[in-house]
Amino acid sequence: MSRIEQTFKQLKKSGRKALIPYIMTGDPSLDVTSKLIADLESAGADIIELGVPFSDPLADGPTIQRASERALQQGVTLRKVLDFVKKIRQTSQVPLILMTYYNPVFKFGIEAFAKEAADAGVDGLIIPDLIPDEADDFISAARRSKLDTIFLLAPTSTQERIKKVVKVSTGFIYYVSITGITGARLSIGGPMKDTLESVKGSTNKPVAVGFGISTPEEAAAVSKLADGVIVGSAIVRLIAEGKDVGEFVRNIKEAI
Amino acid sequence: MNKKVPDSKGHFGAYGGRFVPETLMPALLELNAAYKKYSKDRAFLKELSSLQKDFIGRPTALYFAGNLTEKLGGAKIYLKREDLCHTGAHKINNAIAQALLAKKMGKSRLIAETGAGQHGVATATGAALVGLECEIYMGSEDIRRQSLNVFRMRLLGAKVTEVSIGSRTLKDAINEALRDWTTNVRNTHYILGTVFGPHPYPVMVRDFQSVIGHEARKQILRAEKKLPDCLIACVGGGSNSIGLFFAFLRDNIRMIGVEAGGHGIESGEHAARFAGGSLGIFQGCKSYLLQNDDGNVLGTHSVSAGLDYASVGPEHSYLRDMKKIEYTYATDDEALAAFELLSRKEGIIPALESAHAIAEAVKIAPTMPKDSIIIVNLSGRGDKDVQEVARIKGIEL
Ligand SMILES: Cc1ncc(COP(=O)(O)O)c(C=O)c1O
């Protein structure tokens, strides 16, 4: 069982939900990211998502786009993120997921990337512009290196898509709570809730919900419907403003 | 082996496919089904054909450029006059067809990206025609150099939204249009302006543009009683070129796609994806891409906004591998010289994009026999570029 699956299993036993914060690696610098990971862990993060900067982040809203630009200006690349994870692993065993667009992985070489990511201590991968239909090579490489492949679903997803995504996802399933991009306004209920219920109904795998969750109240509401809560833009915004993320993350942790 | 190209998921051999957020998948599948249905629907095809004739002004002329031919002293040069299409470029062939399709699909809103502004104008025109709301995304750098087209779009009732992140050109406008579509996918249709992006766009846009080649084939057979020896077209995303070439693919004719050489390949400031790129995945599909070793997309440069793009349609990559189409490039300077040459010799001011194709004809026509024939796709007219050319020449208007 992977470290991510184990995390969800233990949380479930104690009736708790996973808190999964997202930060952009290298925003504003790798040193700060390293410190932020420690802060997030002590504030109660169960799993941490590390964004990999990309020149054209088409699934991201302005907050993460700007974070991505800042990290690129720092010279952060996919390879540097792997080196960074290796360093983090000397001090922390928190499950780490990379969230990267597909082209950097493709350019790196899918097989080599999976192997080096696993060696560095990465636990799972989220690739927002890779759908299962195009992911055969990626999935087999990840399986060989024992990396979890976390695919996404959305309020627009049909039964057919849900079936497809659930089948190839390991670790958990990422349910995108809004029809839109990261950082947009969340609205709980309607298609968001209906599709989430049919996702939950179609699998025993954990389902975590992300995109648009920015307050403890929203996190609380979402945690009633899912196994985990992902918080990204709200944290990235605090980092951009130079504010403390520890207290914010602790408040979310208490709410869920 | 007789594999269907593209396959049902839009793969042209190793290229194409669908690389998009899952949120968009139901919309792409819906679009694919609708396109399949309507591309065989008599009433739809009749309506489209009548709009092509009476609204766009098709068939466009195939004009024998006698003065240019004489000046170059070799092959006979014919121009396929897409510049005579309503709104001034081939882009309208696709935009009207997709607007009509979106209306049939019950969508209430159209969005599009634009570089040169021609596709934005064409989409705004289509939206006005079928009565749908319209928003166009355009990079701030392109807004500056194509200000005339920005005003045209607004006159046509479209909202023009400036994109000022990244390189502020076409690729950033496409990112923003994809973000909009991801957010408003339920009521919105995205009219992608070239043979790029996720399946079915590369196939659908090619089919809507292939009217260019079907006409040209008939016209040249009527005029010369034989097929041409060579076809030339500029390649941005690749829609006017595939539009001309597609009807000739079985004919064993030399076909040349001309990319933007910008300041030259060595300078790194260009948009010649085949000369300077490598296989990558960008904005929905797999194709040749200008990228660095880390897989980040490089900035591009061209004097023509419509060719200033980091990747190229997947079918072009495939046809290049199959050795059906050759690709070369023309630099900014060569294109500007061709722009002036055609204006003076033929009384036709070409779009700067199309001037890249003319520049290639200038290079090869003199090397060909006098009874040989070249067809150049004159993809658009140059009115939109007049201000920018004046600026480059240091002339204040
Ligand atoms: C007049 C004209 N020609 C050519 C192009 C390049 O596009 P494509 O390669 O899709 O024909 C454009 C794009 O804006 C254009 O406006």
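Refer to the preceding data block for the structure.
A brief look at the structure comes next.

Definitions and cut-offs
- Residues numbered from 1 in each chain as written.
- Chains lettered and ligands numbered in written order.
- Predicted model: local features only at pLDDT ≥ 70, side-chain atom pairs only at ≥ 80, totals over all residues.
- Heavy atoms only, no water.
- Helix = DSSP H or I, 4+ residues; strand = E, 2+ residues; numbered from the N terminus.
- Rg over C-alpha atoms; globule rule 2.2 N^0.38 Å.
- Buried < 20%, exposed > 50% of the residue type's maximum accessible area, 1.4 Å probe, protein only.
- Areas by Shrake-Rupley, 256 points an atom, 1.4 Å probe, with all protein chains shown as cover.
- 1 Å grid on protein atoms, 1.4 Å probe; cavity = no way out; pocket = protein on both sides within 12 Å on 5 of 7 lines; lining within 4 Å.
- Points joined across faces, edges and corners; volume = space filled by probe spheres on them.
- Nonpolar A, V, L, I, M, F, W, Y, C, P; charged D, E, K, R; others polar.
- Contact = heavy atoms within 4.5 Å.
- Buried area = accessible area lost by both parts, 1.4 Å probe.
- Salt bridge = Lys/Arg side-chain N within 4 Å of Asp/Glu carboxyl O.
- Polar contact = N/O pair within 3.5 Å; in protein donor to acceptor, adjacent residues only side chain to side chain.
- Pairing = 2+ DSSP bridges.
- Axes fitted to C-alpha atoms, helices over the stretch in contact; angles between N-to-C directions.
- Near = heavy atom within 4 Å.
- Sits in = over half its atoms within 2 Å of the grid points.
- Parallel < 35°, antiparallel > 145°, perpendicular 65-115°, else oblique.
- Arc of directions from axis to C-beta.
- Core = buried A, V, L, I, M, F, W, Y, C linked by side-chain atoms within 4.5 Å.
- Phe/Tyr/Trp six-rings, centres within 6.5 Å; stacked < 30°, edge-to-face > 60°.

### What about the overall build of chain A?
Each helix and strand in chain A was counted, giving twelve helices and nine strands. The C-alpha atoms of chain A give 17 Å as radius of gyration, which agrees with the globular expectation for 256 residues (18 Å, within 12%). Summarising its shape, the C-alpha atoms of chain A cover approximately 40 × 40 × 35 Å along the three principal directions. The buried share among the 256 residues of chain A stands at 64%. Summing over all exposed atoms, chain A offers an accessible surface of approximately 9900 Å²; the carbon and sulfur share of this is 49%.

### Here we look at empty space enclosed by the protein
One water molecule sets the probe size; rolling that probe over the atoms shows where empty space is left. All names here are of chain B. All told, the structure shown has seven cavities of 30 Å³ or more when counted by the stated rule. Each pocket or cavity is described by its volume, and for the largest cavity that value is around 310 Å³. If you trace the largest cavity, you find 28 residues lining it, with His90, Lys91, Ala116, Gly306 and Glu353 closest to the centre. Residues belonging to the lining of the largest cavity are distributed by class as follows: seven nonpolar, 17 polar and four charged.

### A word on helix α10 (residues 216–223) of chain A
Residue pairs three or four apart in sequence face the same way in an α-helix, which turns once every 3.6 residues. Within α10 of chain A the residues assigned to the buried category are Glu218, Ala219, Ala220, Val222 and Ser223 of chain A. Looking at the packing, one finds that the buried side of α10 of chain A touches α9 (190–201), β8 (207–210), β9 (228–231) and α12 (246–255) of chain A.

### Looking at unusual backbone geometry
The step from Asp27 of chain A to Pro28 of chain A runs through a cis peptide bond, and the omega angle for that step is 0°. Looking at the secondary structure, you find Pro28 of chain A in the loop between β1 (18–24) and α2 (30–42). Residue Val5 of chain B is joined to Pro6 of chain B through a cis peptide bond whose omega torsion reads -5°. As for its position among the elements, Pro6 of chain B is in the segment before β1 (11–12). Look at Lys225 of chain B: it is not a glycine, yet its phi comes out positive at around 60°. Notably, Gln283 of chain B is not glycine yet its phi reads approximately 50°, a positive angle. Its relative accessible area of 4% is what places Gln283 of chain B among the buried residues.

### Quick notes on the interface of chain A and chain B
Taken together, the contacts link 37 residues of chain A with 39 residues of chain B. The largest share of the area that chain A buries against chain B comes from Leu58, Lys107 and Glu134 of chain A, three residues that together contribute 20% of it. At the boundary of chain A with chain B, the tally comes to two salt bridges. Lys171 of chain B is paired through a salt bridge with Asp56 of chain A; the nearest N and O atoms lie 2.7 Å apart. For the pair chain A and chain B, the interface holds 18 residue pairs in polar contact (both at pLDDT 80 or more). At the level of elements, α3 (62–73), α5 (102–108), β6 (152–153) and α8 (159–168) of chain A are the ones that each hand at least two residues to the side of chain A that touches chain B. Top element by residues in the side of chain A that touches chain B is α5 of chain A. It accounts for five residues.

### Some thoughts on the layout of surface pockets
All names here are of chain B. Roughly 720 Å³ of internal volume is contained in the largest pocket. Lining the largest pocket are 22 residues; nearest its centre among them are Val5, Pro6, Arg206, Phe246 and Glu315. Only α1 (25–38), α9 (201–209) and α13 (314–321) provide two or more residues apiece to the lining of the largest pocket. Residue composition of the lining of the largest pocket, grouped by class: ten nonpolar, four polar and eight charged.

### Focus: the sheet that holds strand β7 (residues 159–163) of chain B
Two modes of strand pairing occur in sheets, parallel and antiparallel, and in both the strands are linked by backbone hydrogen bonds. Residues and elements named next belong to chain B. On the basis of which strands lie adjacent, the open sheet formed by four strands has the order β7-β6-β5-β8 and parallel pairing. For this open sheet the edge positions go to β7 and β8 (188–190), each flanked by a neighbour on one side alone. Geometrically, the sheet is characterised by an average inter-axis angle of 25° between neighbouring strands, direction not taken into account. Of the strand pairs in this sheet, strand β5 (residues 109–114) and β8 are connected by three bridges, and their pairing is parallel. Its bridge partner being in β8, Arg109 is matched across the sheet by Thr188.

### Observations concerning the site of the ligand
All names here are of chain B. Among the 19 residues in the neighbourhood of the ligand, the closest are listed as Thr194, Gly236, Gly238, Ser239 and Ser379. Notes on the ligand: free accessible area 390 Å², of which the protein chains cover 97%. Given that more than half its atoms are within 2 Å of the pocket grid, the ligand belongs to the largest cavity.

### What to know about the packing of helix α4 (residues 78–88) of chain A against helix α6 (residues 110–120) of chain A
Packed helix pairs are specified by the crossing angle of their axes together with the interaxial distance, meaning the distance between the axes. All names here are of chain A. Closest axis-to-axis distance for the α4/α6 pair is 8 Å, and the angle between their directions is 25°. Regarding the angle of α4 to α6, the classification is roughly parallel. Along its contact with α4, which presents Leu78, Arg79, Leu82, Val85 and Lys86, the element α6 presents Phe113, Glu116, Ala117 and Ala120. Counted by class, the contact of α4 with α6 contains six nonpolar, no polar and three charged residues.

### A short note on the side chain of Lys253 of chain A
Within the secondary structure layout, Lys253 of chain A lies in helix α12. Filtering out sequence-adjacent residues up to four positions away, Lys253 of chain A remains in contact with Arg16, Leu19, Ala43, Gly44 and Asp46 of chain A.

### A word on helix α7 (residues 136–144) of chain A
Residues and elements named next belong to chain A. Buried within α7 are the following residues: Phe138, Ile139, Ala141 and Ala142. Projected down its long axis, α7 shows its buried positions confined to an angular sector of 165°, all on one face. α7 presents Asp136, Asp137 and Arg144 as exposed residues on the side facing more than 90 degrees away from its buried surface. On its buried face, α7 sits against α5, α6, β4 (124–126), β5 (148–150) and α8.

### Topic: the pattern of salt bridges
According to the stated counting rule, one finds 41 salt bridges over all chains in the structure shown. For Arg3 of chain A, the salt bridge identified is with Asp123 of chain A, shortest N-O distance 2.9 Å. With Arg3 of chain A in helix α1 (residues 3–13) and Asp123 of chain A in the loop between α6 and β4, the pair connects residues that are 120 residues apart, well separated along the chain. Of the charged contacts, one joins Arg109 of chain B and Glu135 of chain B as a salt bridge, the two residues approaching to 2.9 Å between their closest N and O atoms.

### Considering the nonpolar core
Leu98, Phe138 and Phe172 of chain A are the most contacted members of the largest nonpolar core, which totals 95 residues. Residues in contact with Phe138 of chain A, not counting those within four places in the same chain, are Tyr102, Ile110, Leu125, Ile127, Leu130, Thr149 and Phe151 of chain A. Counting residues in hydrophobic clusters, the runner-up holds 69 residues, among them Leu31, Cys85, Met153 and Met204 of chain B.

### Side note on the packing of aromatic side chains
All chains considered together, the criterion is met by 18 aromatic pairs over all chains. Each ring, one from Tyr102 of chain A and one from Phe138 of chain A, has its centre 6.4 Å from the other, and the planes form 80°; the classification is edge-to-face. In this pair, Tyr102 of chain A is assigned in helix α5 and Phe138 of chain A in helix α7, connecting sequence segments 36 residues apart. One aromatic cluster is present, formed by Tyr102, Phe106 and Phe138 of chain A together with Phe19 of chain B through successive ring pairs.

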